[in-house]
Amino acid sequence: MLAAVAMFSFMDTTMKVLSSHYPATQVTAMRALSSLPLLCGYMLYRGAFRGIFKVRWGMHIFRSLLGIAMLTSFAYGLKALSLAEAYSIFFIAPSLITALSVFILKEKVGTGQWVAIVVGLLGVLVVLRPEGTGFLTLGGLALLGSAACYAMAAITSRVLARTDSNESMMFWYLLMMAAGGLAMSASHWVPVRAEDGWVLLALALSGFLGQLAITRAFSSGKASVVAPFEYSALAWGVAIDWLLWHTLPDGYTLLGAGIIIASGIYLVRRESVHAEAEHP
């Protein structure tokens, strides 16, 4: 998980670099297109293309639309916010997943978990500073929307995983996001600069390796042990912001991030306890 978070942090860095030169929808298309060749090579090696068309098309299309909205709004938010600020807001996703699981998957959530969800949302308000003096910007709201789309996509993935393979989920997700991103950005496509070739290569490699690492992490370790390491992204965000853009998060951002992370870890631990109680 630590390796996965590092790779995704590098991927987000390349997206932030690209978002300063290209529209957010084009960044989404480039993200998906750059990783597709690597994924196809990996699937050929594993012989995973068998049965690739025997999938639940409606669910895949819905999940891909969520992915397009998630990546586009994330890229838009990165234009205005630092990585540390973006991650602090995006950390609300586990709380949103828990809340959505009640209404969509009919899972039971206790009082303590609802309290943790509300606390996490309060942490987001601390980061956004909605009193008007700071940070309730379109970029901040875009990142909050991105987290909501991610949470919905995660719930959809849980449903799809009951019938479809991980490889088919990854393949159709990237292919449909590439097609959607291209369609949305066709009218205002900006020619790709030659000097951005290395950035696109880094985007492809970091996204692909990060996906492999996170899949390995959750398949070989308990979610309650593995998931909290996702929050190491904040350390990467702070370090990269300082090295590349010479910025550091302020006290409000760190305080809000701390509240959100604490609530997220509580929710992960509680979910593990419930799972063990149901399946001892």
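Residues numbered from 1 in each chain as written. Predicted model: local features only at pLDDT ≥ 70, side-chain atom pairs only at ≥ 80, totals over all residues. Heavy atoms only, no water.

> Would you explain unusual backbone geometry in this entry?
Generally, phi is negative for residues other than glycine and the peptide bonds are trans, each holding for most cases. With a phi angle near 55 degrees, His246 is a residue other than glycine that sits in the positive phi range. Of note, His246 is situated in the loop between helix H11 (233-245) and helix H12 (251-278). (Helix = DSSP H or I, 4+ residues; strand = E, 2+ residues; numbered from the N terminus.)

> Sorry if this is basic, but what is going on with the environment of Val199 here?
Relative to the helices and strands, Val199 is located in helix H9 (residues 197-220). Overall, Val199 belongs to the buried group, its relative accessible area being 18%. Dropping the residues within four chain positions of it, Val199 is found in contact with Thr14, Val17 and Leu18. (Buried < 20%, exposed > 50% of the residue type's maximum accessible area, 1.4 Å probe, protein only. Contact = heavy atoms within 4.5 Å.)

> Mind showing me how you'd approach the packing of helix H3 (residues 57-80) against helix H4 (residues 83-90) here?
Each packed pair of helices is defined by two parameters, the angle between the axes and the distance between the axes. Running from N to C, H3 and H4 cross one another at 140 degrees; their axes reach a closest spacing of 10 Å. On the basis of the axis angle, H3 is oblique to H4. Like other packed secondary-structure pairs, H3 and H4 cross with a definite hand, here right-handed. Two secondary-structure elements touch here, H3 through Met70, Phe74 and Leu78 and H4 through Leu83, Ala86, Tyr87 and Phe90. The residue inventory of the contact of H3 with H4, partitioned by class, reads 7 nonpolar, no polar and no charged. (Axes fitted to C-alpha atoms, helices over the stretch in contact; angles between N-to-C directions. Parallel < 35°, antiparallel > 145°, perpendicular 65-115°, else oblique. Left-handed = near helix turned anticlockwise from the far one by under 90°. Nonpolar A, V, L, I, M, F, W, Y, C, P; charged D, E, K, R; others polar.)

> Would you mind showing me how to read helix H5 (residues 93-104) here?
An α-helical segment advances 3.6 residues per turn. Residues three or four places apart therefore align on the same side. Between its terminal C-alpha atoms H5 stretches 16 Å, which fits the 16 Å expected from 12 residues at 1.5 Å a residue. Looking at H5, one finds that the buried residues are Ala93, Ser95, Ile97, Thr98, Ala99 and Ser101. The first or second residue beyond H5 is Lys106, which carries a positive phi of 60 degrees. (Expected span 1.5 Å × (residues − 1).)

> Where do I start with helix H8 (residues 166-185) in this structure?
Spanning 20 residues, H8 covers 28 Å between terminal C-alpha atoms, matching the ideal 28 Å at 1.5 Å per step. Among the 20 residues in H8, 14 count as buried, and that is most of the element.

> Honestly, the nonpolar core in this entry has me stumped. Any pointers?
Across soluble globular proteins, nonpolar side chains have a tendency to be buried as a group. If you look at the biggest cluster of nonpolar residues, it comprises 61 residues, and the most contacted ones within it are Met15, Leu18 and Phe91. Other than its neighbours up to four places away in sequence, Met15 contacts Val27, Leu71, Phe74, Ala75, Leu78 and Leu203. (Core = buried A, V, L, I, M, F, W, Y, C linked by side-chain atoms within 4.5 Å.)

> Got a minute to help me understand the packing of aromatic side chains in this structure?
Evaluation of the coordinates by the stated rule reveals 11 aromatic pairs. Between Tyr87 and Phe91 the ring centres are 6.5 Å apart and the planes differ by 20 degrees, which places this aromatic pair in the stacked class. Here Tyr87 matches Phe91 in class, with each residue buried. One aromatic cluster in this structure is built from Phe49, Phe53, Trp57, Phe171 and Trp172. Above the ring of Trp245, the side-chain terminus of Lys16 is found at 5.2 Å from the ring centroid. (Phe/Tyr/Trp six-rings, centres within 6.5 Å; stacked < 30°, edge-to-face > 60°. Lys NZ or Arg CZ within 6 Å of the ring centre and 35° of its normal.)

> Honestly, the pattern of salt bridges in this entry has me stumped. Any pointers?
Scanning the model with the defined rule gives 3 salt bridges in all. Across the pair Arg46 and Glu167 runs a salt bridge whose closest N-O atoms are separated by 3.4 Å. Highlighted residues: Arg46 in helix H2 (residues 24-46) and Glu167 in helix H8, separated in sequence by 121 residues. For Arg193, the salt bridge is made with Asp196, and the minimal N-O distance between the two is 3.0 Å. A relative accessible area of 4% means that Asp196 is categorised as buried. Residues joined in a network through salt bridges with shared partners are Arg193, Glu195 and Asp196. (Salt bridge = Lys/Arg side-chain N within 4 Å of Asp/Glu carboxyl O.)

> Teacher, can you tell me more about the packing of helix H1 (residues 2-19) against H9 here?
Running from N to C, H1 and H9 cross one another at 150 degrees; their axes reach a closest spacing of 8 Å. Of the possible angle classes, the one that applies to H1 and H9 is roughly antiparallel. Classified by chirality, the crossing of H9 by H1 is left-handed. Note on element contacts: H9 touches H1 through Val199, Leu200, Ala202, Leu203, Ser206, Gly207, Leu209, Gly210, Gln211, Ala213 and Ile214, opposite Ala3, Ala4, Met7, Phe8, Phe10, Met11, Thr14, Met15, Val17 and Leu18. Residues that form the contact of H1 with H9 fall into these classes: 16 nonpolar, 5 polar and no charged.

> When you look at a nonpolar patch on the surface in this model, what are you seeing that I'm missing?
Residues Trp242, Leu243, Leu244, Trp245 and Leu248 make up a contiguous nonpolar surface patch of roughly 560 Å² in combined accessible area. Position of Leu244 among the secondary structure elements: in helix H11. Residue class for Leu244 comes out partly exposed when judged on its relative accessible area of 47%. (Patch = residues over 30% accessible without salt bridge, like charges linked within 9 Å, V, L, I, M, F, W, Y side chains within 5 Å. Areas by Shrake-Rupley, 256 points an atom, 1.4 Å probe, with all protein chains shown as cover.)

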